[in-house]
Amino acid sequence: GRPADLAGRRLVISAGGTREAIDPVRFIGNRSSGLQGYALARTAVARGAEVTLVAANVGLPDPAGARVVRVESALELRAAVLDAVEGADAVVMAAAVADFRPSARSGSKIKKTADEPDAIHLVKNPDILAELGERRREGLKPYPRVIAGFAAETDDVLANGRAKLARKGCDLLVVNQVGDGLAFGTPDNAAVVLVAGGEQVEIPRGPKEALADTVWDLVAARLA
Ligand code: C5P
């Protein structure tokens, strides 16, 4: 059994991947399955936490004991996370949030034409993790006490991860190397957790629950 070391803690987890609408039937999306975020939710509940799971387009059953808020787009995810972090102890942003969205959503299905289609114009989405870090730095409520994020990197994993941890102002950044049959849609993961201040914790390839428990160990230590 797991320790009840998160009893009474209010935790917010984002999971899955956002969809940015092009028209009523099409979107720009990504391959995030939500498995890692759901593993974080299950393990946190098992350790006694009160969990809000903000799920973006996840085809998995709700984890028992968690409050689940379903969203589709990055803007919806931002609103749900900001709402949920009010009074929360920690947030773990495991969702793959689209960096860009189409500048306009066509109200009707875009028709096939004989000539080349129009380009889809994109605008930037807010970086929710960075925003939470900034709110905390400025003392602008709501913000959680502990802020953690995930980052998938393909090269210079540690250097890029450290830079991202600093840029986003978070306490923990779980960095995983993508590719090699790991991460997206698979039950296993391998990662390095970068901790603000210098420490780093290597998590060998294993079930996403094991990675989740290590994240909660580090969060619990920072909340203590
Ligand atoms: O910058 P990058 O997308 O690699 O950072 C990944 C981390 O930032 C994840 O924790 C993700 O949930 C978060 N993120 C976010 N808002 C965005 C993009 C990423 O909160 N617009």
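For the protein chain, an unreviewed UniProt entry supplies the name Coenzyme A biosynthesis bifunctional protein CoaBC and the organism Streptosporangium vulgare.

*Asks:* What should I look at first to understand the side chain of Ser 32 in this one?
*Replies:* Within the secondary structure layout, Ser 32 lies in the loop between strand E3 (27-28) and helix H1 (35-46). Residue classification places Ser 32 among the buried positions, given a relative accessible area of 17%.

*Asks:* Before we go on, may I ask you to explain H1 in this structure?
*Replies:* One turn of an α-helix holds 3.6 residues; hence residues three or four places apart share an orientation. In this model H1 runs 16 Å from its N-terminal to its C-terminal C-alpha over twelve residues, within 8% of the 16 Å that 1.5 Å per residue would give. Among the residues making up H1, those that are buried are Gln 36, Gly 37, Tyr 38, Ala 39, Leu 40, Ala 41, Thr 43 and Ala 44. One or two steps after H1, the chain reaches Gly 48, where phi turns positive at roughly 95 degrees.

*Asks:* Where do I start with the pattern of salt bridges in this structure?
*Replies:* Between side chains of opposite charge, a pair can form as their charged atoms come close. In the structure shown here, the tally under the stated rule is 16 salt bridges. Across the pair Asp 5 and Arg 47 runs a salt bridge whose closest N-O atoms are separated by 2.8 Å. Here Asp 5, found in the segment before strand E1 (10-16), pairs with Arg 47, found in the loop between H1 and strand E4 (50-56); they are 42 residues apart in sequence, far enough to count as distant. Given a relative accessible area of 34%, Asp 5 falls into the partly exposed group.

*Asks:* Would you explain a nonpolar patch on the surface in this entry?
*Replies:* On the surface, Ile 28, Phe 100, Ile 120 and Leu 122 cluster together into a nonpolar patch covering about 330 Å² of accessible area. Taking the relative accessible area as the measure of exposure, Phe 100 reaches 42% and is therefore partly exposed.

*Asks:* I keep staring at the nonpolar core and nothing clicks. Help me out?
*Replies:* Where a protein is soluble and globular, its nonpolar side chains tend to be buried together. Judged by nonpolar contacts, the single largest core of 36 residues is most densely connected at Leu 40, Trp 216 and Val 219. Of the residues forming this core, the biggest block, eight residues, is contributed by helix H5 (residues 208-223).

*Asks:* Help me out: how do you make sense of the site of the ligand in this one?
*Replies:* Taken together, 13 residues sit near the ligand, with Met 93, Ala 95, Pro 126, Leu 129 and Lys 164 positioned nearest. Within the backbone of Met 93, a nitrogen or oxygen atom sits 2.7 Å from an oxygen atom of the ligand. Against a free-state accessible area of 450 Å², the protein chains account for coverage of 87% of the ligand. At the level of secondary structure, the elements contributing two or more residues to the shell around the ligand comprise helix H3 (128-138), strand E9 (146-153) and helix H4 (157-168). In the shell around the ligand, the residues fall into eight nonpolar, one polar and four charged.

*Asks:* When you look at the packing of helix H2 (residues 74-84) against H3 in this model, what are you seeing that I'm missing?
*Replies:* Between two packed helices, both the angle of their axes relative to each other and the distance between the axes serve to describe the pair. As a packed pair, H2 and H3 sit with axes 11 Å apart at the nearest point and diverge in direction by 30 degrees. Once H2 is placed against H3, the crossing between them reads as right-handed. Between H2 and H3, the residues in contact are Ala 74, Leu 77, Arg 78, Val 81 and Leu 82 and Ile 128, Glu 131, Leu 132 and Arg 135, respectively.

Scoring rules and cut-offs
- Residues numbered from 1 in each chain as written.
- Predicted model: local features only at pLDDT ≥ 70, side-chain atom pairs only at ≥ 80, totals over all residues.
- Heavy atoms only, no water.
- Helix = DSSP H or I, 4+ residues; strand = E, 2+ residues; numbered from the N terminus.
- Buried < 20%, exposed > 50% of the residue type's maximum accessible area, 1.4 Å probe, protein only.
- Expected span 1.5 Å × (residues − 1).
- Salt bridge = Lys/Arg side-chain N within 4 Å of Asp/Glu carboxyl O.
- Patch = residues over 30% accessible without salt bridge, like charges linked within 9 Å, V, L, I, M, F, W, Y side chains within 5 Å.
- Areas by Shrake-Rupley, 256 points an atom, 1.4 Å probe, with all protein chains shown as cover.
- Core = buried A, V, L, I, M, F, W, Y, C linked by side-chain atoms within 4.5 Å.
- Near = heavy atom within 4 Å.
- Polar contact = N/O pair within 3.5 Å; in protein donor to acceptor, adjacent residues only side chain to side chain.
- Nonpolar A, V, L, I, M, F, W, Y, C, P; charged D, E, K, R; others polar.
- Axes fitted to C-alpha atoms, helices over the stretch in contact; angles between N-to-C directions.
- Left-handed = near helix turned anticlockwise from the far one by under 90°.
- Contact = heavy atoms within 4.5 Å.

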